[in-house]
Structure formats: C-alpha cells, structure tokens
Amino acid sequence: MLTLKKIFSDGMIFQRDTENTISGKADAGAGISLYLLKNGGEVFSDKTTADSDGCWKIILPPIKGSKVPYSMCVECGEEKLTVKDVYSGELFLISGQSNMELPMSRTYYPFEDAAPHTDYPLIHEFRAPIVNCFTIGERHDDFAGGEWKSAVGENILPMSATGYYFAAEIFKRLDIPVGLVNTSAGGAAVESFMPYDMIKKYKIHDEFLAEATKENYIENTQKADMAREGEWSKALGTNDFGLVPSDDMSTCTVPCSTEDIEELKGFSGRLYFFKEFDLPDDFPQTGAMLILGTITDSDISYINGVKVGETGYLYPPRYYPVPDGVLKKGKNTVAVRVDIRSGLGGFTKGKRYCLKSGNRIIDLSGEWRYAIAKRSEPIKPSVFFQGNPLALYANLAAPSFGIKYRAMVWYQGETNCGRPEYYKQMFTELVEMYRKECGCELPVIYTQLVNFEGMCEHDPSQSWASFRKAQLDCLDIPDTAMAVTADIGEYNDLHPKNKRDIGKRLAYCAGGLLYGDKTIFARCTKAAASENGGRTDITLTFDTGVYLQYADASAFEAVFEDGTFRCETDGTEHCSETLKMSVPHTGKLIKVRYAWRNNPYMFNLLDLEIKHVSPFEITL
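Residues numbered from 1 in each chain as written. Predicted model: local features only at pLDDT ≥ 70, side-chain atom pairs only at ≥ 80, totals over all residues. Heavy atoms only, no water.

### Quick word on the overall build of the chain
And step 1. For the chain, the helix and strand inventory stands at nine helices and 34 strands.
And step 2. Computed over the C-alpha atoms, the radius of gyration of the chain is 28 Å, within 12% of the 25 Å expected from 2.2 N^0.38 for a compact globule of 620 residues.
And step 3. Projected onto its principal axes, the C-alpha coordinates of the chain cover approximately 80 × 70 × 55 Å.
And step 4. Long-range pairs, those at least 24 residues apart, make up 78% of the contacts in the chain between residues at least 6 apart in sequence.
And step 5. Put simply, the chain shows about 26800 Å² of open surface, and 49% of that area lies on carbon and sulfur atoms. (Helix = DSSP H or I, 4+ residues; strand = E, 2+ residues; numbered from the N terminus. Rg over C-alpha atoms; globule rule 2.2 N^0.38 Å. Contact = heavy atoms within 4.5 Å. Areas by Shrake-Rupley, 256 points an atom, 1.4 Å probe, with all protein chains shown as cover.)

Set out below in structure tokens:
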C-alpha cells in the first residue's frame, strides 16, 4: 500500500532554496513516480523503487519561495496520492514545553479590547501529537498523526501563540509562506527529547530510567495513578456539605494562599469559598463572565447554585461564562469548591476576581467566607510522563529528523530550572543531535526564561536566575541566538499572555542569525574592581555599547565574601562599552550580578538598539 509521511500532506510547506526529501512506504520492490505541478504544468518528476522494507524516497531539487501553490502526485501502479496546496517558503521546527505549546486561545484577556488576530493564509502549522515512549532504542520515522492548518479564522486559536507571532514577523519581512512544525509538549524537559544512551551519561536519571524502561511501565503507572486518584476523590466526597453556607464559617481575604490562614497552613483536601454580592438593577444580566484569576489546584464554581465552570489544574485562567437567567437583581452568591492536593493552594495573588458584563465590573475581591469540607493527606501526584527523560524522543524528536528547516525555535527550560548546572551540556548535545540527524548545521533560536515568582514570594536559591545564566552560556554554541525576555513575563503566571513580544524578539534574533541584519547581542565580558577610600569601584566591560535606561544601578549587585550589596552610579555612563559603579568596600569582591532575581524588580540595561541585555553573573 502506498503511503506518504504525515508531514507530506495538504497545506505542507517545504524549505525553499535547498533539496528536500519526500518519503513514504509501498510494497517492497514497487516502482514509485513523483510529479510536482504548478499552474497545471509539470515542474519536476522522478522515479524510484521501494527497498526491501518498503521504504522509498525522492529528492526534490531546490525551489525558490513562492506564494503560488504546487500540487504533488505520487503514483505506484494503480495507486495515486495527490497532495494539494504545497508551498515553498521558510520552514521552522518549533519545540519546547508549554510556553511554546500554549495556543492562541490562551492569550485572550477579557480586560483588553479584543483586537482580531490577523489572518495569514500563508502561515501554516503542523502540530505533531504527543505520544510518550520509554522503550530503549525505539524511534519512529513518522509522526503518530497531525495535519497542516493555515492561520485563518478559527484555525488560529489552537496554534502556538509564540509560533504564530514569530511566523507573522517573518512573513511580514519576506512575504513568502512560513511553515511551523510544532513538536512542543507541556512540561517537557530537555532530556524528554533525548535518546536513552545520551541521557545515561549524566547518571542523574538512572533510578527513573530503570523503572520507566520496564515492559508496560506506562500502562501500569496509569492504572495505579487512576486508582489512587479515584480513592482520593471518593474520600473528599465523604461528608461533603456542598453548596449550603452556614453562619459560623470563617472569613478570609481573596486573593489569598492557604499559607495566609493559620488553620489552613499545610492544608490538603476540599474547601468551599462563598461570596455574596449585590447586582444593581442596571447591570447587564446577559453575556456576563465570572473571572477568578487562577486557583490551586482545581475548582468547580457556581453562581446561585448553578455551575458556571470548572478547571482541573492550576494554570488555566478561570474565565467562566454565566448562562443567561442565572444572575438576579439584588443578592447573589458565588460558591467555589477548591480541591488542594499537596499542602499549598488558594487564589493566585495579583489576578482579577470579579463579575464582568460588557464594560461593567463588580469586584469580588476582599472578604469571603470559607469552610473545610474534608481535610486529607496530600496525594502523590500522577506521573507526568512527557516531563521525564526519554519520553518524547521516539515520537516527537525522531520523526522530525531528516526534514530541512530554516532553523529550530526553542522555548523550554522551566522544567529544568532546578538543575541549571547540567543544562548547557544537555542543550549542546540536543542541538548537535538535531544537526547530525537533519544533515545540516541547523541554526537554533531560543527563548530565555521570562520573569516569574510563582506562589512563593521568596526563593533563596533564585533558581530561575541561575537558569538564565545557563541559557546565556548556551550562546557559546555556534549559530545560536537567544531572545531576552525577563521584562515581559508575569510574576504570578507561569504562562504569560504576552506571546506577541516573545514572537517579535525571536524574529529579531532570526534577523541577525538568518537574514544578515546587524543585530546587537551585548554580553558582559569582564569585571574589574579597585579600592577607592571606603568604597569599591567596579568597571564592567561589554562587547558592544550599553547604557542604563535611567540612572539607577540597584539592579546590579556586588557579592563580597561577607555579603551582597546593591551598586550605585551617577548615571553618566551612556552609550559606552563600559559601565562604572561603586559599593561600600567590605573586603574581597567575588562576583557582580545584574537582574539576579527570578522576577527582576528592575531591568534597565539596554544595548544601542534599545534591546534589553540579558541578566548575568560574572566572576572576578
């Protein structure tokens, strides 16, 4: 039976100006003919024979980018396959974890004007399905499924938001089709895309791999997880009093964490929260939305006893449409059932909690009442397979090999931030693997982690700051570029909505790495210090001109043997390759840091193109 790989399907985009391999399967020894047509005329044809395993391939010669589609016909005896709307343009492999996977639909924010997203019929995305595999040595040469979708109308909503905005910038620049092969997976580690032998060299996952590579590991683990989840959920329902509030309930201030409430510190189990509000006579009762920020871990929310929405985990925003007829003039009640799994939960601070209809808003933050429905022991989390080493190699990484891309665009690191010391080596090996398997020096553009604090207001280890340094060091890999983004995240959201600027900054990197722009990527190359009376003078040297956006150097820290101090400057050093600052002299200076926080409180060092300079730490 004649087949083509999944990626060779209607709407496909192949890389312009280079050879491209078209491949598939047929009966062993069968003759295969391929025809490439444009405007009804043949522009290329070739023949081959399937090998003993039934595999065949035909190499297309380099073709210039074109907004006019081709069609491709493949014949084998009486069998014929036709692929329509085939384009030649720029093809990018986009991969990583949830912030690359995050769809356009998740960038919606009800407090902003809903400007329609631009249709780009010549931007196409192929989304490969996530299939986990822990079998040693297994790798597939085709994706488990997937189809090409053009960025038009409702098709835009499930597309990678980062990918869409990146592709839009490339399209506006080149005016040729742009294709995205999306192999991202939420929660993925860099090791998730690596083969077994590569991972084993690090010795840090031996215990997991010994278990995960056993026969039927996924099936057995899923069965055990489901049983445990079922028992936990059943226990929570015991003596659950439901939506009936009582007069003797405790009060709290929403938004809040359970850590803010003495009796709920370390709480796991089920809570109910209640809020009464008055609906004015002139408040629109149709088209209303209950907005509850984000909630840890899961919730079911009600208005006047009617369920308006539920979410099973903490990350998605709670935007719940209220059915017509539920609201009433005068007194109304919101009830939120919250299940907390591991000793820390609640309503995310810094988010909006309100009822919205049109331009009218009723604020729901402030005093709420709460009651404990069921206290339980913390539940062990279910295994999140794709976040583990080896999981995605066979079905996401391997099938993407052998395809010609203009570059790989990578947005990943959150899962690896606990072990920054391994990341540069791992990422280097990952890049080398893709380059070897794709048969070219594949350029790589990647995203540095944005600013983020999480539920914990203080992280002494500053793990995200340390990880950003590891990512900065990855620029030592040839033909790479990094988008600096530590100013456009959200301190209280792992998945910031502003993917537009992420995409633009990745496209800016593409301009320098791929298209000959004279872009500037400033890095601190040297630090020197000298004692000056009771102060230590510090000089930082960069590989290009930099300046402070405003005269405040407190984002710079001098690390001495006996403490850390914020730096000071008079702000006169502008457009120079050096910055000078000082601190009180307290002994031997060890390091100088800039924006060394998970969520930098100040981020004002720019290069001459008014692009932010990466956070850094440099040792004297």
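Resuming the write-up.
### Some details on the packing of helix α2 (residues 161–174) against helix α9 (residues 499–514)
And step 1. Between α2 and α9, whose axes approach to 7 Å, the crossing angle comes to 45°. For the element pair α2 / α9, the angle class is oblique. In the packing of α2 onto α9, the handedness of the crossing is right-handed. When α2 is examined against α9, the residues A161, T162, Y165, F166, E169, I170 and R173 are found in contact with a partner set consisting of K499, R500, I502, G503, K504, L506, A507, A510 and G511.
And step 2. For the contact of α2 with α9, a count of residues per class yields eight nonpolar, three polar and five charged. (Axes fitted to C-alpha atoms, helices over the stretch in contact; angles between N-to-C directions. Parallel < 35°, antiparallel > 145°, perpendicular 65-115°, else oblique. Left-handed = near helix turned anticlockwise from the far one by under 90°. Nonpolar A, V, L, I, M, F, W, Y, C, P; charged D, E, K, R; others polar.)

### Structural notes on the packing of aromatic side chains
And step 1. What the rule picks out here adds up to 36 aromatic pairs.
And step 2. Taking the centre distance of 5.6 Å and the plane angle of 75° together, the rings of F134 and F208 count as edge-to-face. One end of the pair, F134, is in the loop between β9 (120–127) and β10 (148–151); the other, F208, is in helix α4 (residues 206–212), with 74 residues separating them in the sequence. Taken as a pair, F134 and F208 share a single burial class, namely buried.
And step 3. Seen in terms of ring centroids, F401 and Y434 are 5.4 Å apart; in terms of plane orientation they differ by 80°. Their pairing is edge-to-face. Of the two residues, F401 is situated in the loop between α6 (393–397) and β24 (407–411) and Y434 in helix α7 (residues 420–438); the sequence distance between them amounts to 33 residues.
And step 4. The class of F401 is buried, set by a relative accessible area of 8%.
And step 5. Among the residues examined, Y434 registers a relative accessible area of 0% and is labelled buried.
And step 6. The structure contains a cluster of three or more aromatic residues connected by ring pairs, namely F193, W410, Y423, F427, Y446 and F467.
And step 7. The aromatic ring of W232 is capped on one face by R341, whose charged end is 5.2 Å from the ring centroid.
And step 8. Positioned over the ring face of F111 is R352, at 4.1 Å from the centre of the ring. (Phe/Tyr/Trp six-rings, centres within 6.5 Å; stacked < 30°, edge-to-face > 60°. Buried < 20%, exposed > 50% of the residue type's maximum accessible area, 1.4 Å probe, protein only. Lys NZ or Arg CZ within 6 Å of the ring centre and 35° of its normal.)

### Focus: the pairing of strand β32 (residues 589–594)
And step 1. Across five bridges, the pairing between strand β29 (residues 556–560) and β32 is antiparallel. For E557, the partnering residue across the bridge sits in β32 and is R593.
And step 2. The pairing of β32 with strand β34 (residues 616–619) spans four bridges and is antiparallel. In the strand pairing of β34, K591 is matched with T619. (Pairing = 2+ DSSP bridges.)

### Overview of the sheet that holds β32
And step 1. Ordered by their spatial adjacency, four strands build an open sheet running β30-β29-β32-β34, and the pairing between neighbours is antiparallel. The two strands at the open ends of the sheet, each matched to only one other strand, are β30 (563–566) and β34. For this sheet the average axis-to-axis angle between neighbouring strands, irrespective of direction, equals 20°.
And step 2. Two elements, β29 and β30, share four bridges in a ladder whose sense is antiparallel. Residue V559 lies in a different strand from β30, and its bridge partner there is T564.

### Notes on the packing of α7 against helix α8 (residues 463–473)
Working note: a packed helix pair is described by the angle between its axes plus the distance between those axes.
And step 1. Remark: α7 packs on α8, axes separated minimally by 8 Å, with the N-to-C direction vectors making an angle of 25°. In terms of orientation, α7 and α8 fall into the roughly parallel class. With respect to the hand of their crossing, α7 and α8 are arranged in right-handed fashion. Across the interface between the two elements, P420, Y423 and K424 from α7 touch S466, F467, A470, Q471 and D473 from α8.
And step 2. Of the residues that constitute the contact of α7 with α8, the class distribution is four nonpolar, two polar and two charged.

### Side note on the sheet that holds strand β22 (residues 360–363)
And step 1. Taken together, the four strands give an open sheet; going across it, the order is β18-β14-β21-β22, and neighbouring strands pair in antiparallel fashion. Each of the sheet's edge strands pairs with one partner strand only, and the pair in question is β18 (319–321) and β22. Strand after strand, the sheet turns through a mean of 20° between neighbouring axes, direction not considered.
And step 2. Sheet topology note: the strand β21 (residues 353–357)/β22 ladder contains four bridges and is antiparallel. Within β22, the position partnered with K356 by the bridge is I361.

### Some points on α2
And step 1. If you check α2, its first and last C-alpha atoms are 20 Å apart, about what 14 residues at 1.5 Å a residue would give, namely 20 Å.
And step 2. Counting buried residues along α2, 10 of its 14 residues qualify, which places the element largely inside the surrounding structure.
And step 3. Where α2 starts, the residue carrying a side-chain oxygen 2.9 Å from the main-chain nitrogen of G163 turns out to be S160.
And step 4. In the stretch just after α2, D175 is the one whose phi turns positive, near 55°. (Expected span 1.5 Å × (residues − 1). Polar contact = N/O pair within 3.5 Å; in protein donor to acceptor, adjacent residues only side chain to side chain.)

### Structural notes on the pattern of salt bridges
And step 1. A full pass over the atoms with the stated rule returns 36 salt bridges.
And step 2. Here R318 ties to D299 by a salt bridge, and the two come within 2.7 Å at their closest N and O atoms. One end of the pair, R318, is in the loop between β17 (306–311) and β18; the other, D299, is in strand β16 (residues 298–303), with 19 residues separating them in the sequence. In this pair, the class of R318 matches that of D299, namely buried.
And step 3. In this structure, D473 engages K469 in a salt bridge whose closest nitrogen and oxygen atoms are separated by 3.2 Å. With D473 and K469 both in helix α8 and four residues apart, the pair spans about one turn of that helix.
And step 4. Several salt bridges share partner residues, and in doing so they unite K351, E490, D493 and K497 into one network. (Salt bridge = Lys/Arg side-chain N within 4 Å of Asp/Glu carboxyl O.)

### Observations regarding the nonpolar core
And step 1. By size, the foremost hydrophobic cluster in this structure holds 110 residues, and its most contacted members are W56, F427, Y434, L540, F556, L605 and F616.
And step 2. The element contributing the most residues to this core is α7, with eight residues.
And step 3. Beyond its immediate stretch of four places on either side in the chain, F427 contacts V190, W410, V444, Y446, C474 and I477.
And step 4. Residues M100, I123, L506 and Y515 belong to the second largest nonpolar core, which totals 37 residues. (Core = buried A, V, L, I, M, F, W, Y, C linked by side-chain atoms within 4.5 Å.)

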